[in-house]
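# Structural overview for review
Spelled out from the first residue to the last, the chains are:
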Amino acid sequence: MKTLDWILRLALIAVFAGAAVTKIADPGEFESAIQTYRMMPEWLVAPVAVWLPWMELCTAAALLWPRHRRAALWLVFALSVMFMIAIGQAWWRGLDIVCGCFGRPATVSGPALRGYLLRDLAFLGAATWLLAREWFTARTTAAPCAPLIEETEQPALAE
Amino acid sequence: MPTTEPMTALWRSWLGILAVATLLAAAAFALDPRAQALFANTLAPDEITLTDARLHPGSLLWVDARHGAAYAAEHIPQALPLDLDNWDNQIVEVIARWQPGMRVIVYCDDSACGSSRQVAQRLRRDFQFDDVWLLHGGWSTWQKAEGK
């Protein structure tokens, strides 16, 4: 189990850090990609294009840090949901979009977007699994004797 | 309070990650001229961005003010050609397509070209089109947005 956790965690770190670095390397390209989704007003596109990659990079870095891991996993969860909403609305509206995900500028539309959705669903699944494992580990290490205490019968009080 | 303590730690982590990301983004903006350039694109009063054009709820009439060969090679879907050299021939189709309340957006090659502004001025002056805009960045912005 622990090996699987590490594999998933490292995969998420690699994906989010890799995606962030390609966007930071070319903010103009990422800004153009955001515009193709037609989701936000023009004034918001440039701030998001500059800020979002750093948010992804910090999230990836925080996954390495046990103290901030749970918060980072929730951020991976939230970011994956946000990406799925963005891609889903583009598919629903029939838009041709540039993913802007890993710095490969190619226009995609329609059923071809299914691959992107499935990929984000995989990130979501990995984050959910790791959050569940964090919760389970915290629960068992915080109160290892709790089930024993609950199961032990209390001595009857003398009438 | 056994339940609030982990939540406080979670919030503290979120705020920490958010603060560090924002600081790094601000530093990148301060140091990277390409990031600054994203904010430097100021709009002229008669210009409209591609995003805002696409978000316009009413109907649009795209007008291509580039020369004929460029239009023939490629243009915005549904756009009509209208350049100053072929004005008399091409204006007929533009007037036929135009309807009251329709927003007209004129474009040429990029921000540096002036033909779209001349065409827009003439549409306002000679034909009393009251909702005429220039596409900010012109055809190059469209191509960039389409990933070409």
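Residues numbered from 1 in each chain as written. Chains lettered and ligands numbered in written order. Predicted model: local features only at pLDDT ≥ 70, side-chain atom pairs only at ≥ 80, totals over all residues. Heavy atoms only, no water.

Looking now at the packing of aromatic side chains. Ring pairs (aromatic) are described by centroid distance and by the angle formed between their planes. Residues and elements named next belong to chain B. Counted under the stated rule, the structure contains 10 aromatic pairs over all chains. Judged by centre distance (4.5 Å) and plane angle (15°), the rings of Trp-98 and Phe-129 are stacked. Within this pair, whereas Trp-98 is found in the loop between helix 5 (87-97) and strand 4 (103-107), its partner Phe-129 is found in the loop between helix 6 (115-127) and strand 5 (132-135), the two being separated by 31 residues in sequence. Aromatic ring contacts, followed pair by pair, group Trp-62, Tyr-107, Trp-139 and Trp-142 into a single cluster. The ring of Trp-139 has Arg-66 lying over it, and the distance from NZ or CZ to the ring centre is 4.4 Å. Sitting over the face of the ring of Trp-87, Arg-122 holds its NZ or CZ atom 4.3 Å from the ring centroid. (Phe/Tyr/Trp six-rings, centres within 6.5 Å; stacked < 30°, edge-to-face > 60°. Helix = DSSP H or I, 4+ residues; strand = E, 2+ residues; numbered from the N terminus. Lys NZ or Arg CZ within 6 Å of the ring centre and 35° of its normal.)

Residues and elements named next belong to chain B. Per the counting criterion, the structure on display carries 9 salt bridges over all chains. A salt bridge links Asp-32 to Arg-34, with the nearest nitrogen and oxygen atoms 3.1 Å apart. Accessibility expressed as a relative area gives 42% for Arg-34, which makes it partly exposed. Taking the shortest distance from any N to any O, the salt bridge between Arg-103 and Asp-131 comes out at 3.2 Å. Of this pair, Arg-103 sits in strand 4 while Asp-131 sits in the loop between helix 6 and strand 5, and the two are 28 residues apart along the sequence. One connected set of salt bridges, linked through shared partners, spans Arg-122, Arg-125 and Asp-126. (Salt bridge = Lys/Arg side-chain N within 4 Å of Asp/Glu carboxyl O. Buried < 20%, exposed > 50% of the residue type's maximum accessible area, 1.4 Å probe, protein only.)

On to the sheet that holds strand 1 (residues 47-48) of chain B, then. All names here are of chain B. Read across the open sheet, the 5 strands follow the order 1-5-4-2-3; overall the sheet is parallel. Every interior strand has two partners, whereas the edge strands, strand 1 and strand 3 (80-81), have only one. Relative to strand 4, strand 2 (residues 60-64) is paired through 5 bridges, and the arrangement is parallel. Note that in strand 4 the partner of Asp-64 across the bridge is Tyr-107. (Pairing = 2+ DSSP bridges.)

This part covers the confidence of the model for chain B. Mean pLDDT over chain B works out to 88, with 92% of the residues at or above the 70 mark. Prediction confidence for the complex, expressed as pTM and ipTM, is 0.65 and 0.82 respectively. (pLDDT = per-residue confidence, 0-100.)

Between chain B and chain A, the residue contacts involve 27 residues of the former and 33 residues of the latter. Contact with chain A buries surface across chain B, with B:Ile17, B:Leu38 and B:Thr51 losing the most and accounting together for 22% of the total. Across the chain B-chain A interface, the total number found is 0 salt bridges. Connecting chain B to chain A are 4 residue pairs in polar contact (both at pLDDT 80 or more). At the level of elements, helix 1 (4-31), helix 2 (33-40), helix 3 (50-55) and helix 7 (138-145) of chain B are the ones that each hand at least two residues to the side of chain B that touches chain A. The greatest single-element share of the side of chain B that touches chain A, amounting to 13 residues, is contributed by helix 1 of chain B. Across the side of chain B that touches chain A, the residue classes break down as 16 nonpolar, 5 polar and 6 charged. (Contact = heavy atoms within 4.5 Å. Buried area = accessible area lost by both parts, 1.4 Å probe. Polar contact = N/O pair within 3.5 Å; in protein donor to acceptor, adjacent residues only side chain to side chain. Nonpolar A, V, L, I, M, F, W, Y, C, P; charged D, E, K, R; others polar.)

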